[in-house]
Amino acid sequence: MLENLAADGAWQALVCHRPFSRFPQGSIMHHYTTPAAPPPGMASYSSGSEARLEILARLLDSRWRVPGTGIRFGADALMSLLPGLGPVVSTAVSAYIIWEARRLGVSGGTLLRMIGNVGLDSLISSVPLAGSIGDVFFRANLRNMALLRRHLARRRGPPR
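Computed from a prediction, not measured in an experiment: that's the story for all the values here.

Engineer: In this structure, what is going on with the nonpolar core? I would like to understand it.
Structural biologist: The nonpolar side chains of soluble globular proteins are, as a tendency, buried together. In terms of nonpolar packing, the biggest core is built from 18 residues, with Ile 97, Ala 101, Val 106, Leu 111, Met 114, Met 145 and Leu 148 touching the most fellow members. Of all the elements in the fold, those that place two or more residues in this core are α4 (45-61), α5 (75-79), α6 (85-103), α7 (108-125) and α9 (140-156). Filtering out sequence-adjacent residues up to four positions away, Met 145 remains in contact with Glu 50, Leu 53, Glu 54, Ala 57 and Ile 97.

Spelled out as structure tokens, the structure:
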């Protein structure tokens, strides 16, 4: 059964998130930890990560809509209502998006812009009550996803 899973490579999209193996070439563990070609229907490993990060960014920044208006807000604005712990948790989740972007090969300059977005968002969130309102209008995670999408589009090349 393990051979069947290894042959199609689908299990590696779920289990192995690293583009390289820490084990020596030729060892049995090298075979099971080195990613194979992407599974059928999946353009690349980054598309799965990109979709997961997009869902997370939308949850944080624009999940719900204020009835009767076009104003959207997310968990980031709600967490900043909790003094102390809320902004810290929100910043930690935003840092995960940046960490994943680094893993996907985003350049240093783009990573610095992403860190700046999260830093400004954290600064805004640190102001009690007004920070929640600021979080509704400054959507750092969606901005970071736009930067990540731009990077991945450049890496994939022009559409055919």
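Engineer: I keep staring at α9 and nothing clicks. Help me out?
Structural biologist: Structurally, the α-helix is built with 3.6 residues per turn, so residues lying three or four positions apart point the same way. A rise of 1.5 Å per residue sets the reference length of α9, with its 17 residues, at 24 Å; its end C-alpha atoms lie 24 Å apart and thus fit the reference within 8%. Of the residues making up α9, those classed as buried are Ala 140, Asn 141, Leu 142, Asn 144, Met 145, Leu 147, Leu 148, His 151 and Leu 152. Positive backbone phi, at 95 degrees, marks Gly 157, one or two positions downstream of α9.

Engineer: I tried to follow the packing of aromatic side chains on my own but got confused; where do I start?
Structural biologist: Two aromatic rings, taken as a pair, are described by how far apart their centres are and by the angle between their planes. Taken as a whole and judged by the stated rule, the model has two aromatic pairs. With 5.9 Å between their ring centres and 35 degrees between their planes, Trp 64 and Phe 73 make a pair best called tilted. Overall, Trp 64 belongs to the partly exposed group, its relative accessible area being 33%.

About the criteria used
- Residues numbered from 1 in each chain as written.
- Predicted model: local features only at pLDDT ≥ 70, side-chain atom pairs only at ≥ 80, totals over all residues.
- Heavy atoms only, no water.
- Core = buried A, V, L, I, M, F, W, Y, C linked by side-chain atoms within 4.5 Å.
- Buried < 20%, exposed > 50% of the residue type's maximum accessible area, 1.4 Å probe, protein only.
- Helix = DSSP H or I, 4+ residues; strand = E, 2+ residues; numbered from the N terminus.
- Contact = heavy atoms within 4.5 Å.
- Expected span 1.5 Å × (residues − 1).
- Phe/Tyr/Trp six-rings, centres within 6.5 Å; stacked < 30°, edge-to-face > 60°.

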